[in-house]
Amino acid sequence: MEKLYINGGRELSGVVRISGSKNAALAIMAGAILAEDVVTLYNVPRILDTQIMVELLNGLGASTRFVDMNTVTIDPRNIHCLEAPYELVSKMRASFSVLGPLLARFGFARVPVPGGCDIGARPVNFHIEGLKRLGASLHTEHGIYTAECNSLHGNSIYFDFQSAGATQHLMTAAALADGVTTIDNCATEPEVVDLANFLNSLGADIQGAGTTTIRVSGKKRLHGGEYSIIPDRMEAGTFAIIAAITCSDLKLQNAVYSHMKPMISKIVEAGADVTEDFNGLRVKCNVRLNGINIKTMPHPGFPTDMHQPIAALLSIASGTSVITENVYESRFRYVNELNRMGANIKVEGRTAVITGVERLTGAPVTATDLRAGASLICAALAAEGETEIAGIEHIDRGYENYVGKLAALGASICKGSEDSWEGLKVCSL
Ligand code: EPU
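Only a predicted model underlies this, so the values are computations on that prediction, with no experimental measurement involved.

1. Side note on the overall build of the protein
Phase 1: A count of helices and strands for the protein gives 15 helices and 23 strands.
Phase 2: Taken over C-alpha atoms, the radius of gyration comes to 22 Å for the protein, in line with the 22 Å a tight globule of 429 residues would show.
Phase 3: Expressed along its principal axes, the backbone C-alpha trace of the protein runs to roughly 65 × 45 × 40 Å.
Phase 4: Among the 429 residues that make up the protein, the fraction classed as buried is 57%.

As structure tokens, this is what we get:
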């Protein structure tokens, strides 16, 4: 198993290019199932999760491949298998999002029930109830959802909670339903807007994406097309935190200010300097930051995906910070690992109380999920001495070429297996 080795405490500088959005790319790739001709997607991040989605679409019969580093072509004309395999759905929950498009286009789909994961239970009841509202019949047997319909028909859908995935899933299915679907109290994330823009570029009629009511007028068919995916606000947010935690000056090329306001306002409140640059953001920091309080919320609230990385930053801020996690019940497994590095974080229910310490020190730690991994990278870059991070397959799921990007900014970082570690240590750190 490979690990990540970071020798912290260095100031970084330079420009980092922010890659395409993971969460937009996954929803859009699944949405391409609806098209009746080839779809070409630009700015797709080359990460484990998009490669799993390529594999999944190919398994359904859609010819899908990366034709260059960040361009994917999907030819959905030969889809013939309407069942997603358990191995892929268990590796990546976003695989579940092929259910609605398969059902809308072919009237049938079988997809395994996705389980909980390291950040919480993550049920799919909104997805299932919504598909039923659109006229599908669904039942589970042997851990697999079987969904059937003659055709989907428009209806009104209301969510108890603004779920990003359910909004994307049902908007996609409704794009081919007969009549009008309205989705109320839906998610407003930039990734929802990006999916709506993509589907509209194929001929769909989706209005209101980015607000809490989306109206989808179903179409008989969608055509092929080309689309470029938005930059990843979570990757940009992570690099903003890296700039702040290492007291550096970084330019985040392609980062979109309007997608990142909740996150930027908090690091500015803590004392970092963030400005819009000609093609992105510049984040500077040369003082110790102040502790702040954060509550994670659906967009435009503070994003839950930035909870863990910003906790690393606050662990060395002055004073006490409080982070309340309102989206996932168990996004706290990173806390023990940061505490191993010298942080002072206590969890009470859904709240992390962070008492800022003067410094972190490198230690062997384990990433338990993607953003926990990002949190450990942030901490390791600021810590004195060497940090060894295990579980980096989680980080590979969502951050494109992070070792190369960080090394180009001046970080002392390398990835390797324990066998090759001595050699890597000599050459890289
Ligand atoms: N929820 C339900 N029932 C449902 C769906 C969701 O109760 O049917 C609950 C969830 O359990 C959770 C809350 O609603 O408590 C929000 O979940 P949401 O559906 O918004 O999350 P998701 O669509 O499964 C996406 C991202 C996550 C990100 C969340 C929240 C993808 C592939 N994943 O998940 O990204 O945390 O939205 O913004 O788009 C990550 O990138 O690290 C990541 C976990």
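2. A few points about the environment of His-307
Phase 1: Looking at the element boundaries, His-307 is found in helix 10 (residues 307-314).
Phase 2: For His-307, the residues in contact, after removing those within four places along its chain, are Thr-296, Phe-302, Ile-323, Glu-325, Arg-331, Phe-332 and Tyr-334.
Phase 3: At a separation of 2.8 Å, a polar atom in the side chain of His-307 contacts the side chain of Tyr-334.

3. As for the side chain of Gln-162
Phase 1: Among the secondary structure elements, Gln-162 is positioned in the loop between strand 9 (156-158) and helix 6 (164-174).
Phase 2: Take Gln-162: its relative accessible area is 17%, and that puts it in the buried class.
Phase 3: Of the polar contacts made by the side chain of Gln-162, one reaches the side chain of Asn-185; its length is 3.3 Å.
Phase 4: Within the structure, the side chain of Gln-162 is placed 3.5 Å from the backbone oxygen of Cys-186, a separation counted as a polar contact.

4. A word on the sheet that holds strand 16 (residues 280-284)
Phase 1: Across the sheet, which stays open at both edges, the 4 strands sit in the order 2-14-16-15 with mixed pairing between neighbours. Both outer strands of the open sheet, strand 2 (13-17) and strand 15 (273-277), are each paired with one neighbouring strand and no more. Looking at each pair of strands side by side, their axes are set apart by 20° on average, direction ignored.
Phase 2: Pairing of strand 15 with strand 16, which is carried by 5 bridges, proceeds in the antiparallel orientation.

5. Some details on the pairing of strand 3 (residues 39-42)
Within a regular strand, side chains alternate between the sheet's two faces.
Phase 1: With 3 bridges connecting them, strand 3 and strand 5 (residues 71-75) associate as antiparallel partners. Looking at the pairing, Val-39 lines up with Ile-74 of strand 5.
Phase 2: Summarising the sheet, strand 3 and strand 13 (residues 225-228) pair through 4 bridges and their orientation is parallel. Residue pairing across strands places Thr-40 opposite Glu-226, the latter belonging to strand 13.

6. Brief notes about the domain arrangement of the protein
Phase 1: Taken domain by domain, the protein consists of domain 1 (3-18 + 231-428) and domain 2 (22-228).
Phase 2: Between the C-alpha centres of domain 1 and domain 2 there is a distance of 30 Å.
Phase 3: Counting residues at the interface gives 26 residues for domain 1 and 24 residues for domain 2.
Phase 4: Between domain 1 and domain 2, a total of about 2000 Å² is buried, with carbon and sulfur atoms accounting for 46% of that surface.
Phase 5: Ranking the residues of domain 1 by area buried against domain 2 places His-299, Arg-397 and Glu-400 at the top, with a combined share of 32%.
Phase 6: Joining domain 1 to domain 2, the criterion identifies 2 salt bridges.
Phase 7: Two residues, Arg-233 and Glu-191, come together in a salt bridge whose shortest N-O distance is 2.8 Å.

7. Side note on the nonpolar core
Phase 1: With 75 residues, the main nonpolar core has Leu-41 and Phe-198 as its most contacted residues.
Phase 2: At 7 residues, helix 1 (residues 22-31) tops the list of elements feeding residues into this core.
Phase 3: For Phe-198, the residues in contact, after removing those within four places along its chain, are Ile-28, Gly-31, Ala-32, Val-39, Leu-41 and Tyr-227.
Phase 4: Ile-241, Ala-255, Ile-294 and Phe-302 belong to the second-largest nonpolar core, a separate cluster that totals 74 residues.

8. Here's the deal with the pattern of salt bridges
Phase 1: Per the counting criterion, the structure on display carries 18 salt bridges.
Phase 2: One salt bridge in this structure joins Glu-269 and Lys-266, with 2.9 Å as the shortest N-O distance. With a gap of 3 residues between them, Glu-269 and Lys-266 both fall in helix 9 (residues 261-269), about one helical turn apart.
Phase 3: The class for Glu-269 is partly exposed, based on a relative accessible area of 45%.
Phase 4: In this structure, Asp-305 and Arg-331 form a salt bridge, with 2.8 Å as the shortest nitrogen-oxygen distance. A residue pair is termed long-range when its members are at least 10 positions apart, and Asp-305 in the loop between strand 17 (293-295) and helix 10 and Arg-331 in the loop between strand 18 (320-324) and helix 11 (334-340) qualify at 26 residues.
Phase 5: A single network of salt bridges, built from pairs that share partners, joins Asp-37, Asp-75 and Arg-77.

9. Here we look at the site of the ligand
Phase 1: What surrounds the ligand is a group of 22 residues, the closest being Asn-125, Ser-163, Gly-165, Asp-305 and Val-327.
Phase 2: Between Pro-123 and the ligand, the recorded distance is 3.3 Å, taken from a backbone N or O atom to an oxygen atom.
Phase 3: Here an oxygen atom of the ligand sits 2.8 Å away from a polar atom, N or O, in the side chain of Arg-371.
Phase 4: In the complex, the protein chains occlude 84% of the 830 Å² of accessible area that the ligand would expose alone.

10. Brief notes about the environment of Gly-385
Phase 1: The topology assignment puts Gly-385 in the loop between helix 12 (370-382) and strand 22 (386-390).
Phase 2: On a C-alpha basis, the gap between Gly-385 and Ala-121 in space is 36 Å, while along the polypeptide they are 264 residues apart.

Definitions and cut-offs
- Residues numbered from 1 in each chain as written.
- Predicted model: local features only at pLDDT ≥ 70, side-chain atom pairs only at ≥ 80, totals over all residues.
- Heavy atoms only, no water.
- Helix = DSSP H or I, 4+ residues; strand = E, 2+ residues; numbered from the N terminus.
- Rg over C-alpha atoms; globule rule 2.2 N^0.38 Å.
- Buried < 20%, exposed > 50% of the residue type's maximum accessible area, 1.4 Å probe, protein only.
- Contact = heavy atoms within 4.5 Å.
- Polar contact = N/O pair within 3.5 Å; in protein donor to acceptor, adjacent residues only side chain to side chain.
- Pairing = 2+ DSSP bridges.
- Axes fitted to C-alpha atoms, helices over the stretch in contact; angles between N-to-C directions.
- Domains from an automatic or database assignment.
- Buried area = accessible area lost by both parts, 1.4 Å probe.
- Salt bridge = Lys/Arg side-chain N within 4 Å of Asp/Glu carboxyl O.
- Core = buried A, V, L, I, M, F, W, Y, C linked by side-chain atoms within 4.5 Å.
- Near = heavy atom within 4 Å.
- Areas by Shrake-Rupley, 256 points an atom, 1.4 Å probe, with all protein chains shown as cover.

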